[in-house]
Amino acid sequence: MPSPRPVRAGSARSSSVSGVGGGNSGGRYEFMSLTRTPPLSPSPPSHLLQRQGSDPTTARLRASESPNRRRRGSASSNASTSSTGGVQQLPEEDCMHLNPSIISVALSSLLAVDLWLSKRLGVCACEESSWGSARPIMKLVEISGHGIPWIIGAAYCMYKSDSAAGQEVMLNLLMALVLDLVLVTIVKALVRRRRPAHNRMDMFATFSVDRYSFPSGHATRAAMCARFLLAHLVLAAPLRVLVMLWAVFVGLSRVLLGRHNVTDVAFGFFMGYCQYNLVEVLWLSPATLYSMMGQLE
Ligand SMILES: CC(C)=CCC/C(C)=C/CC/C(C)=C/COP(=O)(O)O
C-alpha cells in the first residue's frame, strides 16, 4: 500500500506528466512505495518523482511490471532527465505506461464487477450456500446441457429416423455438437481463465481443458442447440418458449452453481449464437455426404 507523503512546493514536476492524476504543486501528496528505501535528501531526485507519479493506479501498474521492463524504463527516464538538463520529458513509450487507456480501465472495472456479481450469485455453489438445497436441481439442469447426452441423443435420433430429411437434420446437429466442443476447447485453452474460487470441481465427465471457465461450454451449447431446434423442428409455440427458457436457465445455473463468472456465460451465449451461423454455412447435405464418402473409397 503506498503511503502519502507531502511534497515540498519547490519540487514541482514538469507538465509532461499532466493527465496522470498529478495535482497542483502546493501542498499536494506524492505516493511512495513502502518497499523502497526513501531518499535521504528532502527533495528526491526529480526522475523518481516523475516515474512514480501521484496516481496510486500508476504506482500499482509499475509495481506489476517485469524487472526487465522496469530497468529499461528507469534507464530511459534517467537518460531523458540528463539529456534535457533538468527539463523532464518522458519518452512516448513511458507516457503510455503512465496513462492507462480508457479501454483497459473499463475492462478492469467490468472484470471487477463481474467477479463481485458472480460471487454474489453463486448461491448454489455448495450445500452450505444460501440456496444450497436447490443444488441438486441445478445439477440436473447442468446434465441437460452436457455434451454427452446431446451427442448420444442426436446419434440415436439419426439412427431411428425413417426419413432422409430427419437423418440430415440429426447428422448436422451431431456435426454442430462436435464443432462446439472443438471451438470451446480452443478458446478455453487460449484464454485460460480459472473457474471461480467458490466453484467445487465435481462436474460429471470433463476434459482437462474444462478446468478453465471462459467461455461456458454449457452456454455455447445451449444457445447453439436452441437456435438449431427452433430453426429445424416444427414446434408448437409453448414448446418454442420452453426451448428458449431452457437455454437461459442452463446459462443461469452455471453462475448459480459457481461454475462460471457472468461474463463466461454471456460470451458463451454470444459464441453459441454465432456458432449456429457457422453450422448453417457448413451444412452437410446428403449430396455432400455421399460425395465425401465417395472420395474416401
Ligand atoms: C463423445 C464425446 C467425446 C463426448 C465428450 C463430451 C464432453 C465430455 C463434453 C464436456 C462437457 C463439459 C463438461 C463442458 C464444460 O462446460 P462448462 O459450461 O463448465 O464450460
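An unreviewed UniProt entry annotates the protein as Polyisoprenoid diphosphate/phosphate phosphohydrolase PLPP6 originating from Tachysurus vachellii. What UniProt records for the protein under Sequence similarities (unreviewed entry) is the sentence "Belongs to the PA-phosphatase related phosphoesterase family."

Check the secondary structure of the protein and you find twelve helices and two strands. Taken over 297 residues, the protein has a buried fraction of 37%. The contacts in the protein between residues at least 6 apart in sequence include a share of 70% that link residues at least 24 apart.

What characterises a pair of aromatic rings is the spacing of the ring centres plus the angle enclosed by the ring planes. Counted by the stated rule, this structure contains five aromatic pairs. Ring centres of Phe214 and Phe267 lie 4.8 Å apart, and the angle between their planes is 25 degrees; this geometry places the pair in the stacked category. Of this pair, Phe214 sits in the loop between helix H8 (164-191) and helix H9 (217-232) while Phe267 sits in helix H11 (residues 262-281), placing them 53 residues apart in sequence. Judged by its relative accessible area of 31%, Phe267 is partly exposed. For the ring pair Phe228 and Trp283, a centre distance of 5.9 Å and an interplane angle of 25 degrees mean the geometry is stacked. Residue Phe228 is found in helix H9, and its partner Trp283 is found in the loop between H11 and helix H12 (286-296); the two are separated by 55 residues along the sequence. Taking the relative accessible area as the measure of exposure, Phe228 reaches 1% and is therefore buried.

What follows is about the site of the ligand. Taken together, 18 residues lie near the ligand, and Lys188, Arg195, Gly217, His218 and Arg254 sit nearest. Here an oxygen atom of the ligand and a backbone polar atom of Gly217 are 2.8 Å apart. Measuring from an oxygen atom of the ligand, one finds a side-chain N or O atom of Arg254 at 2.7 Å. Considered on its own, the ligand offers 550 Å² of accessible surface; in the complex 81% of this is hidden by protein. Looking at the shell around the ligand, the elements that each hand over two or more residues are helix H7 (147-160), H8 and H9. Tallying contributions element by element places H9 first for the shell around the ligand, with three residues. Across the shell around the ligand, the residue classes break down as seven nonpolar, six polar and five charged.

When two helices pack together, their arrangement is given by the angle between their axes and by how far apart the axes lie. Running from N to C, H9 and helix H10 (residues 237-256) cross one another at 175 degrees; their axes reach a closest spacing of 9 Å. Considering the angle they form, H9 stands roughly antiparallel to H10. Where H9 abuts H10, its residues His218, Ala222, Ala226 and Leu230 lie against Arg240, Val243, Met244, Trp246, Ala247, Val250 and Arg254. Tallied by class, the residues present in the contact of H9 with H10 amount to eight nonpolar, one polar and two charged.

Attention now goes to the side chain of Asp114. Note on placement: Asp114 falls in helix H5 (residues 102-121). Note on Asp114: relative accessible area 4%, which makes it buried. Among the polar contacts listed, one links the side chain of Asp114 to the backbone nitrogen of Val262, at a separation of 3.1 Å. Ignoring sequence-local partners within four residues, the contact set of Asp114 consists of Arg193, Asn261, Val262 and Thr263.

All right, on to the UniProt feature "transmembrane region" (unreviewed entry) in the protein then. UniProt records the feature "transmembrane region" (unreviewed entry) for residues 169-191, 228-253 and 265-284 in the present numbering. Structurally, residues 169-191 is divided into 100% helix and 0% strand, and its ends, taken at the C-alpha atoms, are 32 Å apart. A distance of 29 Å separates the end C-alpha atoms of residues 265-284, which is 85% helix and 0% strand.

What follows deals with H8. Compared with the 40 Å implied by 1.5 Å per residue over 28 residues, the 40 Å span of H8 between its first and last C-alpha is a close match. Phi turns positive one or two residues past the end of H8, at Arg192, with a value near 55 degrees.

We now examine the environment of Leu289. Mapped onto the secondary structure, Leu289 falls in helix H12. What makes Leu289 partly exposed here is its relative accessible area of 24%. What Leu289 contacts, discounting residues up to four positions off in sequence, is Leu171 and Leu284.

What counts and how
- Residues numbered from 1 in each chain as written.
- Predicted model: local features only at pLDDT ≥ 70, side-chain atom pairs only at ≥ 80, totals over all residues.
- Heavy atoms only, no water.
- UniProt positions renumbered as here; feature names shortened; annotations may be inferred.
- Helix = DSSP H or I, 4+ residues; strand = E, 2+ residues; numbered from the N terminus.
- Buried < 20%, exposed > 50% of the residue type's maximum accessible area, 1.4 Å probe, protein only.
- Contact = heavy atoms within 4.5 Å.
- Phe/Tyr/Trp six-rings, centres within 6.5 Å; stacked < 30°, edge-to-face > 60°.
- Near = heavy atom within 4 Å.
- Polar contact = N/O pair within 3.5 Å; in protein donor to acceptor, adjacent residues only side chain to side chain.
- Areas by Shrake-Rupley, 256 points an atom, 1.4 Å probe, with all protein chains shown as cover.
- Nonpolar A, V, L, I, M, F, W, Y, C, P; charged D, E, K, R; others polar.
- Axes fitted to C-alpha atoms, helices over the stretch in contact; angles between N-to-C directions.
- Parallel < 35°, antiparallel > 145°, perpendicular 65-115°, else oblique.
- Expected span 1.5 Å × (residues − 1).

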